[in-house]
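Given next are the chains, with one letter for each unit.
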Amino acid sequence: FVGFAGIEDAIRPEAKVAVNDCHSAGIKVVMITGDHIKTAQNVAMKVGITPQGKVPVAIIGHELEKMSDEELFQNVQDIDVYARVVPEHKFRIVRQLQAHNNIVAMTGDGVNDAPALKQADIGVAMGSGTDVAREAAHMVLLDDNFATIVQAVRRGRIILDNLRHILLYILSTSAGGLLTIAISVFI
């Protein structure tokens with residue numbers, strides 16, 4: 001025996017803050033990965049996909065294959081982590097989340113993510129990913145950072161709120177002007 005080496009891909013510090021911001025904004029974060037289930041659960045706990053101390057509900061691809069679409073539909077809202085999945089599983093997960101009337105944003109960087117990226121309401125490819133993933137996605141992140149998605153959602157909600165205020169203002173002033181003209185014509 002010569003030695004033993006361990007490699008850890010460090011979690012970005014802003015990832016935990018971004019996931020917490022998602023929870024505060026009413027966005028549920030779900031991890032879908034090809035990694036081992038214990039690794040995925042550990043990462044999910046570190047970034048805060050579930051509340052502190054709570055072990056994420058996880059399922060592996062083999063268990064997913066045994067589920068019918070109806071069974072997956074019933075359980076998809078409760079599962080936090082999907083591990084050891086293949087492209088077909090990702091596609092099924094996205095479809096079942098959409099069947100619950102969720103707006104689904106899917107991130108990915110590989111060829112295996114392309115079907116789910118295409119199926120999602122908002123497919124987000126990483127800029128360093130494959131050409132296939134970038135072509136299938138609706139949006140490409142140049143900095144490969146999950147926190148950028150959270151910032152985009154925040155800015156999008158501000159824009160939507162501003163548009164609502166503008167429309168309310170225009171409709172109320174237009175209604176007042178229309179009523180004035182209608183009443184004057186009637187009189």
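Higher on the page you've got the structure.
An account of the accompanying structure is given in this report.

Reading guide: rules and limits
One numbering rule holds for all chains: residues counted from 1, following each sequence as written. The model is predicted, so local features are restricted to residues of pLDDT at least 70 and side-chain atom pairs to those at 80 or more, both for listing and for counting; the totals for chains, interfaces and linings are taken over all residues. The side-chain values count all of the structure's non-hydrogen atoms but skip hydrogen atoms and water molecules. Secondary structure elements are taken from DSSP: a helix is a run of H or I of four residues or more, a strand is a run of E of two residues or more, and numbering for both begins at the N terminus. Only heavy atoms matter for contacts: two residues are in contact if any of them lie within 4.5 Å across the pair. Joining through side-chain atoms within 4.5 Å is the link that ties buried Ala, Val, Leu, Ile, Met, Phe, Trp, Tyr and Cys residues into a set, and such a set is a nonpolar core. The buried label applies to any residue whose accessible area, calculated with a 1.4 Å probe on protein chains only, is under 20% of its type's maximum; exposed applies above 50%, and partly exposed to all values in between. Residues enter a patch when their relative accessible area is above 30% and they make no salt bridge; the linking distance is 9 Å between like charges and 5 Å between nonpolar side chains (Val, Leu, Ile, Met, Phe, Trp, Tyr). The Shrake-Rupley method, run with a 1.4 Å probe, gives the accessible areas here. Residue values count only the displayed protein chains as cover. In what follows, salt bridge is the name for a side-chain nitrogen of Lys or Arg lying within 4 Å of a carboxyl oxygen of Asp or Glu.

In this fold, Met106 is placed in strand S4 (residues 105-108). Residues Met106 and Gly123, 17 residues apart in the sequence, show an inter-C-alpha distance of 5.1 Å. Apart from the residues lying within four places of it in its own chain, the contact partners of Met106 are Ile32, Lys90, Val94, Asp113, Ala116, Leu117, Ala120, Ile122, Gly123 and Val124.

With that settled, the discussion passes to the nonpolar core. One finds Leu64 and Tyr82 to be the most contacted residues of the largest nonpolar core, which totals 21 residues. Listed by contribution, the elements that provide at least two residues to this core are helix H5 (87-99), helix H6 (114-119) and helix H7 (131-136). Discounting chain neighbours no more than four positions away, the residues touching Leu64 are Ile59, Leu72, Tyr82, Val85, His89, Arg92 and Ile93. One finds Val19, Ala44, Val81 and Val150 within the second-largest nonpolar core, a separate group that totals 15 residues.

Okay, a nonpolar patch on the surface next. Taken together, the side chains of Ile159, Leu163, Ile166, Tyr169 and Ile170 make up a nonpolar region of the molecular surface, amounting to roughly 510 Å² of accessible area. If you trace the backbone, Ile159 turns up in helix H8 (residues 146-186).

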